[in-house]
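# Chains, contacts and geometry: an overview
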Amino acid sequence: MLTSQLSDLRSGSMSLATPSPAGAAWQRQAKLWSNLKEVCDLLRIQARVQNDDYQFQHMQFKAGQRIHTIGQPFDMLYIVNSGFLKTVMIDELGNEQVLGFPMKGDMFGIDGIHRKQYSTETVALTNCDVILVPFKIFSGLGRTNAELEAAIYAVMSRELVREQAMISTLGSLSAEARVARFLVFLSERFTDMGYSGTQFNLRMTRQEIGNYLGLTLETVSRTFSAFNAIGLISVDQRAIVVHDLQSLRTLRRLPPSRVRAKNADAAKKRAANEAAAAAAAAATAAVAAPAA
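Treat the numbers as computed from the prediction; the structure is a model and nothing was measured. (Residues numbered from 1 in each chain as written. Predicted model: local features only at pLDDT ≥ 70, side-chain atom pairs only at ≥ 80, totals over all residues. Heavy atoms only, no water.)

### Side note on helix 7 (residues 206-213)
- The buried fraction of helix 7 amounts to six of the eight residues, a majority that puts the element mostly inside the structure.
- Looking only at helix 7, the buried set comprises Arg206, Glu208, Ile209, Gly210, Tyr212 and Leu213.
- Tucked inside the fold, the buried residues of helix 7 contact strand 6 (85-90), strand 7 (96-100), helix 5 (146-172), helix 6 (175-192), helix 8 (217-229) and strand 12 (233-236).
- Just downstream of helix 7 lies Gly214, where phi reads positive at about 75°. (Buried < 20%, exposed > 50% of the residue type's maximum accessible area, 1.4 Å probe, protein only. Helix = DSSP H or I, 4+ residues; strand = E, 2+ residues; numbered from the N terminus. Contact = heavy atoms within 4.5 Å.)

This is the structure we're talking about:
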(Lines give C-alpha, C1' and ligand atoms only; values in the text may rest on other atoms or scores of the structure.)
Protein backbone atom coordinates (compact mmCIF):
# COMPACT_ATOMS: atom_id res chain seq x y z
CA MET A 1 0.00 0.00 0.00
CA LEU A 2 2.72 2.45 1.03
CA THR A 3 4.85 1.61 -2.00
CA SER A 4 1.93 2.29 -4.33
CA GLN A 5 1.31 5.62 -2.60
CA LEU A 6 4.90 6.68 -3.15
CA SER A 7 4.74 5.45 -6.73
CA ASP A 8 1.62 7.52 -7.38
CA LEU A 9 3.28 10.56 -5.88
CA ARG A 10 6.41 10.13 -8.00
CA SER A 11 4.44 9.54 -11.18
CA GLY A 12 2.88 12.96 -10.80
CA SER A 13 -0.62 12.14 -9.64
CA MET A 14 0.07 14.48 -6.71
CA SER A 15 2.60 17.28 -6.77
CA LEU A 16 5.04 17.19 -3.86
CA ALA A 17 6.41 20.69 -4.36
CA THR A 18 4.31 23.14 -6.29
CA PRO A 19 3.45 26.81 -5.94
CA SER A 20 0.78 27.03 -3.26
CA PRO A 21 -2.75 27.13 -4.66
CA ALA A 22 -5.64 28.46 -2.65
CA GLY A 23 -9.17 27.37 -1.95
CA ALA A 24 -11.11 24.34 -0.80
CA ALA A 25 -9.65 21.99 -3.45
CA TRP A 26 -6.18 22.51 -2.03
CA GLN A 27 -7.44 21.88 1.50
CA ARG A 28 -8.99 18.59 0.42
CA GLN A 29 -5.83 17.47 -1.36
CA ALA A 30 -3.24 18.48 1.24
CA LYS A 31 -2.86 16.69 4.53
CA LEU A 32 0.39 18.06 5.93
CA TRP A 33 2.84 20.33 4.18
CA SER A 34 5.90 22.49 4.91
CA ASN A 35 6.97 25.56 3.01
CA LEU A 36 10.52 26.20 1.89
CA LYS A 37 11.42 28.34 4.88
CA GLU A 38 10.22 25.65 7.29
CA VAL A 39 12.29 23.06 5.44
CA CYS A 40 15.35 25.31 5.61
CA ASP A 41 14.81 25.91 9.32
CA LEU A 42 14.56 22.17 9.93
CA LEU A 43 17.86 21.64 8.07
CA ARG A 44 19.40 24.56 9.99
CA ILE A 45 19.99 26.45 6.74
CA GLN A 46 20.52 30.16 7.31
CA ALA A 47 20.16 31.23 3.66
CA ARG A 48 17.61 33.90 2.80
CA VAL A 49 14.59 32.40 1.05
CA GLN A 50 13.43 34.56 -1.83
CA ASN A 51 10.55 32.35 -2.95
CA ASP A 52 8.52 30.78 -0.17
CA ASP A 53 5.57 29.69 -2.30
CA TYR A 54 6.66 26.06 -2.58
CA GLN A 55 5.09 23.39 -0.40
CA PHE A 56 6.70 20.03 0.40
CA GLN A 57 4.54 17.11 1.45
CA HIS A 58 5.00 15.08 4.60
CA MET A 59 4.45 11.34 4.72
CA GLN A 60 4.02 9.19 7.81
CA PHE A 61 5.73 5.82 8.15
CA LYS A 62 5.17 3.19 10.79
CA ALA A 63 8.01 1.39 12.58
CA GLY A 64 9.45 -1.26 10.27
CA GLN A 65 8.37 0.37 7.01
CA ARG A 66 10.95 1.16 4.33
CA ILE A 67 11.15 4.69 3.01
CA HIS A 68 13.26 3.72 -0.01
CA THR A 69 15.00 0.52 -1.10
CA ILE A 70 18.29 -0.42 -2.73
CA GLY A 71 18.16 -0.12 -6.52
CA GLN A 72 15.06 2.06 -6.51
CA PRO A 73 15.31 4.91 -9.05
CA PHE A 74 16.42 8.11 -7.40
CA ASP A 75 14.18 11.14 -7.57
CA MET A 76 13.64 12.16 -3.98
CA LEU A 77 15.54 13.49 -0.99
CA TYR A 78 14.06 12.94 2.47
CA ILE A 79 14.17 15.07 5.61
CA VAL A 80 13.24 13.70 9.02
CA ASN A 81 10.65 15.87 10.73
CA SER A 82 10.13 13.49 13.64
CA GLY A 83 11.00 9.93 14.58
CA PHE A 84 14.07 7.74 14.21
CA LEU A 85 15.29 5.62 11.30
CA LYS A 86 18.23 3.52 10.24
CA THR A 87 20.04 3.53 6.91
CA VAL A 88 21.54 0.21 5.89
CA MET A 89 23.49 -1.38 3.08
CA ILE A 90 22.81 -5.02 2.19
CA ASP A 91 25.36 -7.15 0.35
CA GLU A 92 24.69 -9.91 -2.17
CA LEU A 93 24.50 -12.48 0.64
CA GLY A 94 21.85 -10.52 2.47
CA ASN A 95 24.14 -9.27 5.25
CA GLU A 96 23.06 -5.93 6.63
CA GLN A 97 25.42 -3.12 7.59
CA VAL A 98 23.96 -0.20 9.51
CA LEU A 99 25.35 3.09 8.17
CA GLY A 100 23.52 5.61 10.31
CA PHE A 101 20.49 6.56 12.35
CA PRO A 102 18.74 9.57 10.77
CA MET A 103 16.74 11.67 13.18
CA LYS A 104 15.03 15.05 13.27
CA GLY A 105 16.68 17.56 10.94
CA ASP A 106 18.69 14.96 9.02
CA MET A 107 18.57 14.58 5.25
CA PHE A 108 18.92 11.13 3.70
CA GLY A 109 18.72 9.65 0.24
CA ILE A 110 21.72 11.59 -1.07
CA ASP A 111 23.47 8.32 -1.96
CA GLY A 112 21.15 8.09 -4.96
CA ILE A 113 22.43 11.25 -6.65
CA HIS A 114 25.52 9.71 -8.27
CA ARG A 115 24.04 6.66 -10.03
CA LYS A 116 20.44 7.86 -10.13
CA GLN A 117 19.38 5.00 -7.88
CA TYR A 118 19.62 4.38 -4.16
CA SER A 119 22.53 2.23 -3.00
CA THR A 120 21.09 1.95 0.52
CA GLU A 121 17.71 1.56 2.11
CA THR A 122 16.21 3.44 5.03
CA VAL A 123 13.86 1.83 7.53
CA ALA A 124 11.74 3.49 10.21
CA LEU A 125 12.70 2.44 13.75
CA THR A 126 9.72 4.32 15.20
CA ASN A 127 6.67 5.99 13.73
CA CYS A 128 8.13 8.77 11.61
CA ASP A 129 7.10 11.93 9.84
CA VAL A 130 9.28 12.48 6.76
CA ILE A 131 9.28 15.42 4.34
CA LEU A 132 9.54 14.42 0.68
CA VAL A 133 11.74 16.73 -1.36
CA PRO A 134 11.88 16.10 -5.14
CA PHE A 135 15.53 16.51 -6.12
CA LYS A 136 14.74 18.39 -9.34
CA ILE A 137 12.72 20.95 -7.41
CA PHE A 138 15.37 21.42 -4.74
CA SER A 139 18.24 21.70 -7.22
CA GLY A 140 16.18 24.07 -9.36
CA LEU A 141 15.56 26.33 -6.39
CA GLY A 142 19.27 26.28 -5.70
CA ARG A 143 20.09 27.48 -9.20
CA THR A 144 17.95 30.56 -8.68
CA ASN A 145 19.47 31.33 -5.28
CA ALA A 146 23.26 30.94 -5.00
CA GLU A 147 23.19 31.29 -1.22
CA LEU A 148 20.56 28.57 -0.89
CA GLU A 149 22.45 26.30 -3.28
CA ALA A 150 25.63 26.60 -1.21
CA ALA A 151 23.65 25.87 1.95
CA ILE A 152 22.10 22.75 0.38
CA TYR A 153 25.53 21.44 -0.54
CA ALA A 154 26.69 22.21 3.00
CA VAL A 155 23.87 20.08 4.41
CA MET A 156 24.86 17.17 2.15
CA SER A 157 28.50 17.61 3.14
CA ARG A 158 27.49 17.61 6.81
CA GLU A 159 25.92 14.18 6.44
CA LEU A 160 29.03 12.81 4.70
CA VAL A 161 31.38 14.29 7.30
CA ARG A 162 29.31 12.69 10.06
CA GLU A 163 29.66 9.28 8.40
CA GLN A 164 33.40 9.76 7.87
CA ALA A 165 33.87 10.72 11.52
CA MET A 166 32.21 7.49 12.61
CA ILE A 167 34.34 5.44 10.21
CA SER A 168 37.52 6.96 11.65
CA THR A 169 36.20 6.25 15.14
CA LEU A 170 35.66 2.58 14.34
CA GLY A 171 39.21 2.17 13.13
CA SER A 172 41.05 3.88 15.98
CA LEU A 173 39.17 3.25 19.24
CA SER A 174 38.59 0.33 21.55
CA ALA A 175 35.19 -1.31 21.82
CA GLU A 176 34.42 0.56 25.05
CA ALA A 177 35.42 3.89 23.53
CA ARG A 178 33.20 3.24 20.48
CA VAL A 179 30.17 2.72 22.69
CA ALA A 180 31.09 5.77 24.76
CA ARG A 181 31.40 7.96 21.64
CA PHE A 182 28.06 6.67 20.40
CA LEU A 183 26.37 7.72 23.63
CA VAL A 184 28.07 11.13 23.39
CA PHE A 185 26.86 11.42 19.79
CA LEU A 186 23.27 10.68 20.85
CA SER A 187 23.51 13.09 23.77
CA GLU A 188 24.69 15.89 21.49
CA ARG A 189 22.04 15.16 18.88
CA PHE A 190 19.22 15.15 21.45
CA THR A 191 20.55 18.43 22.85
CA ASP A 192 20.60 19.94 19.35
CA MET A 193 16.98 18.92 18.89
CA GLY A 194 15.99 20.67 22.11
CA TYR A 195 15.58 17.51 24.19
CA SER A 196 17.46 16.32 27.24
CA GLY A 197 21.01 15.25 26.46
CA THR A 198 21.33 13.31 29.70
CA GLN A 199 18.10 11.31 29.76
CA PHE A 200 16.85 9.61 26.61
CA ASN A 201 15.59 6.32 25.22
CA LEU A 202 17.53 4.27 22.70
CA ARG A 203 15.36 3.83 19.62
CA MET A 204 17.65 1.18 18.17
CA THR A 205 18.40 -2.29 19.53
CA ARG A 206 21.76 -3.26 20.97
CA GLN A 207 22.17 -5.52 17.95
CA GLU A 208 21.77 -2.52 15.65
CA ILE A 209 24.18 -0.46 17.75
CA GLY A 210 26.73 -3.27 17.55
CA ASN A 211 26.28 -3.57 13.80
CA TYR A 212 26.81 0.17 13.43
CA LEU A 213 29.91 0.20 15.64
CA GLY A 214 31.41 -3.04 14.34
CA LEU A 215 30.83 -4.86 17.64
CA THR A 216 28.90 -7.90 18.75
CA LEU A 217 25.63 -7.70 20.65
CA GLU A 218 27.36 -9.23 23.67
CA THR A 219 30.11 -6.61 23.65
CA VAL A 220 27.62 -3.73 23.52
CA SER A 221 25.52 -5.19 26.35
CA ARG A 222 28.61 -5.91 28.46
CA THR A 223 29.93 -2.39 27.92
CA PHE A 224 26.62 -0.81 28.92
CA SER A 225 26.65 -2.91 32.08
CA ALA A 226 30.23 -1.84 32.84
CA PHE A 227 29.39 1.83 32.30
CA ASN A 228 26.43 1.40 34.63
CA ALA A 229 28.56 -0.31 37.28
CA ILE A 230 31.17 2.46 37.43
CA GLY A 231 28.57 5.22 37.47
CA LEU A 232 29.04 6.74 34.02
CA ILE A 233 25.43 5.98 33.07
CA SER A 234 22.32 4.32 34.42
CA VAL A 235 20.64 1.76 32.18
CA ASP A 236 17.11 0.43 32.36
CA GLN A 237 16.49 -1.57 29.19
CA ARG A 238 16.42 1.20 26.54
CA ALA A 239 16.31 4.11 28.99
CA ILE A 240 19.67 5.84 29.44
CA VAL A 241 20.68 8.42 32.04
CA VAL A 242 24.12 9.95 31.46
CA HIS A 243 25.91 10.89 34.68
CA ASP A 244 29.37 11.80 33.38
CA LEU A 245 29.34 12.98 29.78
CA GLN A 246 32.91 14.29 29.89
CA SER A 247 34.30 10.94 31.02
CA LEU A 248 32.42 9.24 28.19
CA ARG A 249 33.85 11.78 25.76
CA THR A 250 37.46 11.13 26.84
CA LEU A 251 37.25 7.42 27.68
CA ARG A 252 39.82 5.24 25.94
CA ARG A 253 39.49 1.95 27.79
CA LEU A 254 37.68 0.67 30.83
CA PRO A 255 39.75 0.29 34.01
CA PRO A 256 40.66 -3.27 35.07
CA SER A 257 37.80 -5.33 36.45
CA ARG A 258 39.14 -5.22 40.03
CA VAL A 259 39.23 -1.42 39.90
CA ARG A 260 35.71 -1.33 38.44
CA ALA A 261 34.49 -3.61 41.23
CA LYS A 262 36.11 -1.35 43.84
CA ASN A 263 34.56 1.75 42.30
CA ALA A 264 31.17 0.04 42.09
CA ASP A 265 31.32 -0.89 45.79
CA ALA A 266 32.29 2.66 46.69
CA ALA A 267 29.40 4.02 44.63
CA LYS A 268 26.96 1.68 46.37
CA LYS A 269 28.25 2.76 49.78
CA ARG A 270 27.91 6.42 48.87
CA ALA A 271 24.36 5.82 47.68
CA ALA A 272 23.52 3.93 50.87
CA ASN A 273 25.01 6.67 53.05
CA GLU A 274 23.11 9.36 51.15
CA ALA A 275 19.87 7.42 51.49
CA ALA A 276 20.47 6.92 55.23
CA ALA A 277 21.24 10.60 55.71
CA ALA A 278 18.11 11.60 53.84
CA ALA A 279 16.01 9.22 55.94
CA ALA A 280 17.53 10.57 59.17
CA ALA A 281 16.86 14.13 58.09
CA ALA A 282 13.27 13.28 57.27
CA ALA A 283 12.79 11.59 60.64
CA THR A 284 14.27 14.57 62.49
CA ALA A 285 11.98 16.94 60.63
CA ALA A 286 8.96 14.78 61.44
CA VAL A 287 9.80 14.78 65.19
CA ALA A 288 10.47 18.51 65.25
CA ALA A 289 7.26 19.43 63.43
CA PRO A 290 4.78 19.05 66.41
CA ALA A 291 7.06 21.05 68.70
CA ALA A 292 7.11 23.88 66.25
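### Description of helix 4 (residues 135-144)
- Listed in full, the buried residues belonging to helix 4 are Phe138, Gly140, Leu141 and Gly142.
- Summarising the contacts, the buried residues of helix 4 are in contact with helix 3 (36-42), strand 3 (54-61), strand 5 (76-82), strand 8 (107-108), strand 10 (128-134) and helix 5.

### Comments concerning the pattern of salt bridges
- Tallying each qualifying case throughout the model produces nine salt bridges.
- A salt bridge links Glu208 to Lys86; its shortest N-O distance comes to 3.0 Å. Note that Glu208 is positioned in helix 7 and Lys86 in strand 6, a separation of 122 residues in sequence.
- The exposure class assigned to Glu208 is buried, which follows from its relative accessible area of 14%.
- Taking relative accessible area as the criterion, Lys86 reaches 10% and is therefore assigned buried.
- As a salt-bridge pair, Arg158 and Glu159 come within 3.9 Å of each other at their nearest N and O atoms.
- Overlapping salt bridges, with partners in common, bring together Asp106, Arg158, Glu159, Arg162 and Arg189 in one network. (Salt bridge = Lys/Arg side-chain N within 4 Å of Asp/Glu carboxyl O.)

### Regarding the sheet that holds strand 6
- The four strands are arranged 4-9-6-7 in an open sheet whose pairing can be described as antiparallel. Each of the sheet's edge strands pairs with one partner strand only, and the pair in question is strand 4 (66-68) and strand 7. Adjacent strand axes in the sheet meet at a mean angle of 35° when their direction is disregarded.
- Note: strand 6 against strand 9 (residues 121-124), four bridges, orientation antiparallel. (Pairing = 2+ DSSP bridges. Axes fitted to C-alpha atoms, helices over the stretch in contact; angles between N-to-C directions.)

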